[in-house]
Amino acid sequence: MPAADERPEARAEPGAPAPDPDGAQAAPVAERRRRVSRRSLLAAGGLTALAGGGAAAVALQGERGATAAAVVPFRGHHQAGILTPRQQHARLAAFDFGARTDRGRAAALLLRWTSAAEHLTRGGAVPAALEPPGSRAAETGAPAGTAPARLTVTFGLGPTFFDRTGLTAARPEALTPLPAFGEDRLDPARSDGDLLVQIGADDAFVTAHALRTLQRLARGEAKLRWTMTGFTAADGRRNLMGQVDGTNNPDPARALVTGPDAPAWLTGGSYVVIRRIRMLLDHWDTLPPTHREQALGRRAADGAPLTGGTEHTPADLDATRPDGVPVIAANAHVRLAAPDSNNGATMVRRSWSYHDGLRADGTPDAGLLFTAWQPDPRTGFIPVQHRLSRGDALSRYLVHEASALFAVPGGSRADGYPAQALLEG
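Residues numbered from 1 in each chain as written. Predicted model: local features only at pLDDT ≥ 70, side-chain atom pairs only at ≥ 80, totals over all residues. Heavy atoms only, no water.

Enquirer: Help me out: how do you make sense of the pattern of salt bridges in this one?
Expert: Where charged atoms from two side chains of opposite charge approach closely, those side chains can pair. According to the stated counting rule, one finds 22 salt bridges in the structure shown. One salt bridge connects R75 with E118, and the closest N-O pair in it is separated by 2.9 Å. With R75 in the loop between α2 (38-69) and β1 (89-97) and E118 in helix α3 (residues 103-121), this residue pair connects regions lying 43 residues apart in the sequence. In this structure, the salt-bridge partner of R276 is D356, at a minimum N-O distance of 2.9 Å. Of the two residues, R276 is situated in strand β5 (residues 270-279) and D356 in strand β7 (residues 352-358); the sequence distance between them amounts to 80 residues. (Salt bridge = Lys/Arg side-chain N within 4 Å of Asp/Glu carboxyl O. Helix = DSSP H or I, 4+ residues; strand = E, 2+ residues; numbered from the N terminus.)

This is how it looks when you write it as structure tokens:
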């Protein structure tokens, strides 16, 4: 039997289609394991920590203090959380209205949420006047004056929002529910929803407190349908597969809805697709590095395309080996997702990783909370996902478990709220 690094999969050359995992054998763990001396680890890492750890800790403490105090303005032409550089932690949540919902009650809830979010993003306490009747928030020790930590709160409207508020005729055509894709294994209980709340901050406590506050303020009007918790790597770049994520993202401003044909309430807003994508990490981790890189079309070390250069060097999809085989495989993810392969379709990806422990079968319940922002999902996410679902090598190691589409209204003026022109027009 050949050594693990001499297996046929490991010798696969660039341009060959990524091997089918059903025929791949996991590399024997015993053959790949290398013993590391505990003493050498202590000698190498311990002395370094003793020498420089104190200074590093002081610097890190100062950096965290500055981040904790950072405030992202809540008001503006567009809602914060679209163009805002991605924070370290996120809570995504969908709410469903109660049976008594109408336009007036929906407007009142969005106004209450907007006022509360503005106070929270400044690090302030939520005024008692916003609390629903019978609230005991002041007695539960809800923290006031929490450091904002670049907190953003973004609101969106699902397709069913318009039905529940009697505004079906005003629902944009681009907000038609997403079609079914071949790789979907969706859980309806964790998909869709009347209202979206996206909460991002550099402090997980801040995101949890903000969601709990909005959930309390919605009592009697809307119930939490689902919630998902995400995080980023320390450098904000790698996902749980070890890949550099978000390379070649377009200018975030390209996600905004513009133009004279856009409804006034949506101008400066966007459409966001949310997908909970579980990664088959136990399988992925057994694959040879070359197999993983071929499935993606990029080097794992630095995110550069297999055709060479650096992370931001454009992938040369026309490059071939001397025998005429493409350097980047025909089923590589970067090829199938490239704008050139999808009539110029682009999305602004602003995603987080998640890890929710283990599933019943002992495998990791972990992956990516994929969020894609665009001015129209019919020319952005939908055509790209259709193409990926027809043979993307990376999709063999992914399971799409939840899905939702929301229209995210433009920003609001002082004392107003998102979608005010829709609900009061």
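Next comes the rest of the account.
Enquirer: Hey, could you run me through α3 in this one?
Expert: Note: α-helices contain 3.6 residues per turn, so residues at a spacing of three or four share the same orientation. Between its first and last C-alpha, α3 extends 27 Å over 19 residues, near the 27 Å set by a 1.5 Å rise per residue. Buried within α3 are the following residues: A106, A107, L109, L110, R112, W113, T114, A116, A117, E118, L120 and T121. Two or three places before G104, at the opening of α3, D102 has a side-chain oxygen 3.1 Å from that residue's backbone nitrogen. The first or second residue beyond α3 is G123, which carries a positive phi of 85 degrees. (Expected span 1.5 Å × (residues − 1). Buried < 20%, exposed > 50% of the residue type's maximum accessible area, 1.4 Å probe, protein only. Polar contact = N/O pair within 3.5 Å; in protein donor to acceptor, adjacent residues only side chain to side chain.)

Enquirer: What should I look at first to understand the packing of aromatic side chains in this one?
Expert: Note on aromatic pairs: each is described by the distance of the centres and the angle between the planes. This model, assessed by the stated rule, comprises eight aromatic pairs. Ring centres of W113 and F155 lie 5.6 Å apart, and the angle between their planes is 10 degrees; on these two criteria the pair is classed as stacked. Note that W113 is positioned in helix α3 and F155 in strand β2 (residues 152-157), a separation of 42 residues in sequence. With a relative accessible area of 0%, W113 lands in the buried category. For the ring pair F161 and F162, a centre distance of 5.5 Å and an interplane angle of 75 degrees mean the geometry is edge-to-face. Using a relative accessible area of 0% as the deciding quantity, one classes F161 as buried. Overall, the relative accessible area of 0% leaves F162 in the buried class. Among the aromatic residues, those joined into a ring-pair cluster are F97, F161, F162 and W265. (Phe/Tyr/Trp six-rings, centres within 6.5 Å; stacked < 30°, edge-to-face > 60°.)

Enquirer: Can you walk me through helix α5 (residues 204-217) in this structure?
Expert: Compared with the 20 Å implied by 1.5 Å per residue over 14 residues, the 20 Å span of α5 between its first and last C-alpha is a close match. Packed against the buried residues of α5 are β1, α3, β2, β3 (195-201) and β4 (222-231). Between the side-chain oxygen of the N-cap and the backbone nitrogen of F205 there are 2.8 Å, and the N-cap of α5 in question is D203. (Contact = heavy atoms within 4.5 Å.)

Enquirer: Help me out: how do you make sense of the layout of surface pockets in this one?
Expert: The rolling of a water-molecule-sized probe over the atoms marks out the regions of remaining empty space. For the largest pocket, the calculated volume is near 1,100 Å³. Every residue lining the largest pocket is counted, 46 residues in all, and those nearest its centre are T247, H333, V334, A337 and R349. Top element by residues in the lining of the largest pocket is helix α9 (residues 381-388). It accounts for four residues. The residue inventory of the lining of the largest pocket, partitioned by class, reads 22 nonpolar, 15 polar and nine charged. (1 Å grid on protein atoms, 1.4 Å probe; cavity = no way out; pocket = protein on both sides within 12 Å on 5 of 7 lines; lining within 4 Å. Points joined across faces, edges and corners; volume = space filled by probe spheres on them. Nonpolar A, V, L, I, M, F, W, Y, C, P; charged D, E, K, R; others polar.)

Enquirer: Help me understand empty space enclosed by the protein in this model?
Expert: Tallying each qualifying case throughout the model produces three cavities of 30 Å³ or more. Space inside the second largest cavity adds up to approximately 40 Å³. If you trace the second largest cavity, you find it lined by R86, F231, T232, A233, R237, R238, N239, D245, S351, W352, S353 and L368. Within the lining of the second largest cavity, the residues separate by chemical class into four nonpolar, four polar and four charged.

Enquirer: Can you walk me through the side chain of S353 in this structure?
Expert: If you trace the backbone, S353 turns up in strand β7. Once you skip the residues sitting within four places of it in the chain, S353 turns out to touch T229, G230, F231, R238, N239, L240, G367 and L368.

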